[in-house]
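Structural overview
Single-letter residue listing:
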Amino acid sequence: MKILLTGAFGNVGFHTLQELLKRGHTVRCFDLRNQATEKKARQIQGKAEIVWGNLTNTPSVEAAVAGQELIIHFGAIIPPAVDENKQLAYDVNVNGTRRIIEAAQKQPIKPRIFFSSTLDVFGHTQDKEPPRRVTDPMQATDDYSSHKIESEGMIRNSGLEWCIFRFADVPPLSPRPPHPIMFTIPLDTRFEMVHPFDVAFAVANAIERPVWGKILLIGGGKSCQVRYRDYLRSSLEGSGVGMLPEEAFGHEPYCTDWLDTTESQELLQYQRHSFEEIMRDVNKATRPPAPIRLIMPLLRPSIRKSILKMSPYWQARK
Ligand SMILES: O=c1ccn([C@@H]2O[C@H](COP(=O)(O)OP(=O)(O)O[C@H]3O[C@H](CO)[C@H](O)[C@H](O)[C@H]3O)[C@@H](O)[C@H]2O)c(=O)[nH]1
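Residues numbered from 1 in each chain as written. Predicted model: local features only at pLDDT ≥ 70, side-chain atom pairs only at ≥ 80, totals over all residues. Heavy atoms only, no water.

1. Digging into the packing of helix α3 (residues 58-65) against helix α4 (residues 86-105)
Helix packing for two helices is described by the angle between their axes and how far apart those axes are. Closest axis-to-axis distance for the α3/α4 pair is 9 Å, and the angle between their directions is 50 degrees. Classed by the angle they form, the pair α3 and α4 counts as oblique. Crossing handedness for the pair α3 and α4: right-handed. On α4, the residues that touch T58, V61, E62 and V65 of α3 are R99, I100, A103 and A104. Here the contact of α3 with α4 is composed, by residue class, of five nonpolar, one polar and two charged. (Axes fitted to C-alpha atoms, helices over the stretch in contact; angles between N-to-C directions. Helix = DSSP H or I, 4+ residues; strand = E, 2+ residues; numbered from the N terminus. Parallel < 35°, antiparallel > 145°, perpendicular 65-115°, else oblique. Left-handed = near helix turned anticlockwise from the far one by under 90°. Contact = heavy atoms within 4.5 Å. Nonpolar A, V, L, I, M, F, W, Y, C, P; charged D, E, K, R; others polar.)

2. Examining the UniProt feature "domain: NAD-dependent epimerase/dehydratase" (unreviewed entry) in the protein
In the UniProt entry, the feature "domain: NAD-dependent epimerase/dehydratase" (unreviewed entry) is given for residues 3-167. Spanning residues 3-167, this segment combines 38% helix with 19% strand, and its end C-alpha atoms are found 20 Å apart. (UniProt positions renumbered as here; feature names shortened; annotations may be inferred.)

3. Digging into the packing of helix α7 (residues 228-238) against helix α9 (residues 275-286)
Relative to each other, α7 and α9 sit at 30 degrees, their axes nearing to 10 Å. The crossing of α7 and α9 is right-handed. Contacts between α7 and α9 involve D230, Y231, S234, S235 and G238 from the former and F275, M279 and N283 from the latter. Class assignment of the residues belonging to the contact of α7 with α9 gives a composition of three nonpolar, four polar and one charged.

4. Here we look at the environment of T125
Tracing the backbone shows T125 in the loop between β5 (112-118) and α5 (143-156). Between the C-alpha atom of T125 and that of Y254, which follows or precedes it by 129 residues, the distance is 8.1 Å. Not counting chain neighbours up to four residues away, the residues in contact with T125 comprise R132, R190, T256 and D257.

Rendered as structure tokens:
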């Protein structure tokens, strides 16, 4: 099948790309051109078409959409970058989706569309009984969730054949640099993860299954339903930094929860990794090189200090 994949060199996009190529699809990759995307593009040179472009630019979107049978629209600005330039983030996330839809509607043979959303659209739900179901109400709590809610609406009303995926936390298999956002999630928050390989498998399987007109919750299932504390401890211990003090973390509600993935799993049969297996792969991919690991006990106090400096709660407590 001829497939346009936007955001092809992002976290979810690149794993999906590799799964699609494995299955013999003809993939056109659409992404921003920068050092990080070029590095990934070199890995698939000759195996897929690469179209450098920008979701904010209508002609480049139209050129990318032309002649495709399926659009997998993953290109987006996600947190925390979404708050760095609010206007750009809206133009990419909402207007970019609109440009993709309008370009698709102009095609003589209309492509189908997969759209990637997020569990953030459920808002703050820790006071509700888990799991979250697809029939639960949506509630915007920040720019990102509001962008995804607006975009989901456009996809549903596009007149195209569509399927929306709402992803749980898909950890990249590469280092996630520390960011103040890590302290804003209360440690007890219910947190569901899903292996990036399983997301790619789900998306590729969806092409052949009766998913049209459905919103599917994509999470790792019961074995991946943990607390934020479990994820953080495993990744901080894996990197040699060690778990950080409880007082460094906030208590304001955060938009993440456990998901009811019964329907997506029945349709797509993709949940192949447990939380432990996800963290094994994340930690393998992100652990410092051997020479750094050797001197880690020496570096550890100053690394911990510089990470803790990012926590407003830790700073306020002093
Ligand atoms: O203007 C832009 C901005 C970004 N991108 C691309 O979009 C991709 C986004 O990838 P990230 O690694 O930043 O994000 P993820 O793969 O983790 O995000 C995926 O999972 C998210 C779940 O929160 C959202 O569903 C999002 O749309 C989906 O791509 C990147 O290749 C990026 O270059 C563009 O093509 N154009």
